[in-house]
Amino acid sequence: ALEPLSVGLAIGVAWALTGYLSHPSFYCSYVECCSSAGQRLNATALKVQLDTKLFGQHLAKDVVLKAVIGFSNNPNPKKPLTLSLHGWAGTGKNFLSQILAEHVHPAGLRSKFVHLFLATLHFPHDDELKLYKEQLQSWIRGNVSACPHSVFIFDEMDKMHPGLIDAIKPFLDYYEQVDGVSYTKAIFIFLSNAGGDLINRAALDFWTSGKHREEIQLKDLEPTLSVGVFNNKNSGLWHSSLIEKNLIDYFVPFLPLEQKHVKMCIRAEMIARGYAVDEEVVQAVVDEMTFFPKEQKIYSDKGCKTVQAKLDIHEDT
């Protein structure tokens, strides 16, 4: 027969071990956990990463940094943070959204709490709009129920079927709860090429008038951008209730990149590959890219999007 002291000791050890293994700090070191309610973003780390990795986008960095940090520091936001990023391909919209996702959930796009939707992949058929709306609502409801701090990224918004995105309006509105679920701690990010022409035109106007691009402020672009996207049938937000009801917190413009910014992208890519920066190679890659307007050749028509592929050609060098 077991002695009472031995049995008691064994039970105590078992309870202690169970408590330790189930403690969040231990459990979450092996299994990804949702960010706790009191956890705040590291503003300094986020700023450093944006400053060192996102080139030529002073406006986008400033707006997003202030918006995200303010949202993170607010213990009781009235609605989820909703950002709409606009600009031509290769200007950094995807890159910024990935950096932001990594600061909310360290695994970034690999996190089970970060959800990326691609219009052409997840919503390809015009005649399935009703089904897509139901699926989208169900996906968001289920994921926010699992983690209030979920991040949702909608890429290719300019290829989204008109009216589809309005299905998530109840989740972005000023409701404390919808069917028992609170969405106020979630982040929604829309990525779109729509409005890029308006942004490029404004940037060129500043250049023509002799002003520095760093002088461009959000107030110079956001009103025109929101109206332009609202009236653009290819924006995904055409006549959207999200704009009509002012549920998008910021329309964030991404400016066209100049040659100096493309060179920054090339140098960063070379360093990431473990190469010493060779300015001759940098210039050679730039020379293979195209710029607009045709006469002045100020801005890259593909931003930094083709830098990796162009650099591949110079691997031997």
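First, a word on what this report is: a plain description of the structure on this page. Keep in mind that this is a model prediction, so the values were computed, not measured.

Focus: the sheet that holds strand β3 (residues 151–155)
Here's step 1: Pairing within the open sheet is parallel, and its five strands lie in the order β2-β3-β4-β1-β5. For this open sheet the edge positions go to β2 (114–118) and β5 (250–253), each flanked by a neighbour on one side alone. When strand polarity is set aside, the average angle formed by the axes of neighbouring strands in this sheet is 20°.
Here's step 2: Bridge count for β3 against strand β4 (residues 187–192) is four bridges, and the pairing is parallel. Residue Phe154 lies in a different strand from β4, and its bridge partner there is Phe190.

Some thoughts on the pattern of salt bridges
Here's step 1: Enumeration over the complete set of coordinates arrives at 12 salt bridges.
Here's step 2: For the salt bridge of Arg267 with Glu279, the shortest nitrogen-to-oxygen distance reads 2.9 Å. Of this pair, Arg267 sits in helix α12 (residues 259–272) while Glu279 sits in helix α13 (residues 279–287), placing them 12 residues apart in sequence.
Here's step 3: Accessibility expressed as a relative area gives 43% for Glu279, which makes it partly exposed.
Here's step 4: Between Arg273 and Glu269 there is a salt bridge, and its shortest N-O distance comes to 2.8 Å.
Here's step 5: Linked by salt bridges that have partners in common, Lys47, Asp51 and Lys61 make up one network.

Let's talk about the state of the cysteines
Here's step 1: Applying the stated criterion to the full structure yields three disulfides.
Here's step 2: Between Cys34 and Cys147 runs a disulfide, and the two sulfur atoms are separated by 2.0 Å. Since a negative S-S torsion denotes a left-handed disulfide, the Cys34-Cys147 link at about 70° is right-handed. Taken together, the residues span a long stretch of sequence, with Cys34 in the loop between α2 (24–27) and α3 (43–53) and Cys147 in the loop between α7 (129–146) and β3 at a distance of 113 residues.
Here's step 3: By relative accessible area, which is 24% here, Cys34 ends up partly exposed.
Here's step 4: Residue Cys265 pairs covalently with Cys304 via a disulfide, S to S 2.0 Å. Looking along the S-S bond of the Cys265-Cys304 disulfide, the torsion reads about 80°, which is the right-handed sense.

Basis of the calculations
- Residues numbered from 1 in each chain as written.
- Predicted model: local features only at pLDDT ≥ 70, side-chain atom pairs only at ≥ 80, totals over all residues.
- Heavy atoms only, no water.
- Pairing = 2+ DSSP bridges.
- Helix = DSSP H or I, 4+ residues; strand = E, 2+ residues; numbered from the N terminus.
- Axes fitted to C-alpha atoms, helices over the stretch in contact; angles between N-to-C directions.
- Salt bridge = Lys/Arg side-chain N within 4 Å of Asp/Glu carboxyl O.
- Buried < 20%, exposed > 50% of the residue type's maximum accessible area, 1.4 Å probe, protein only.
- Disulfide = S-S within 2.5 Å.

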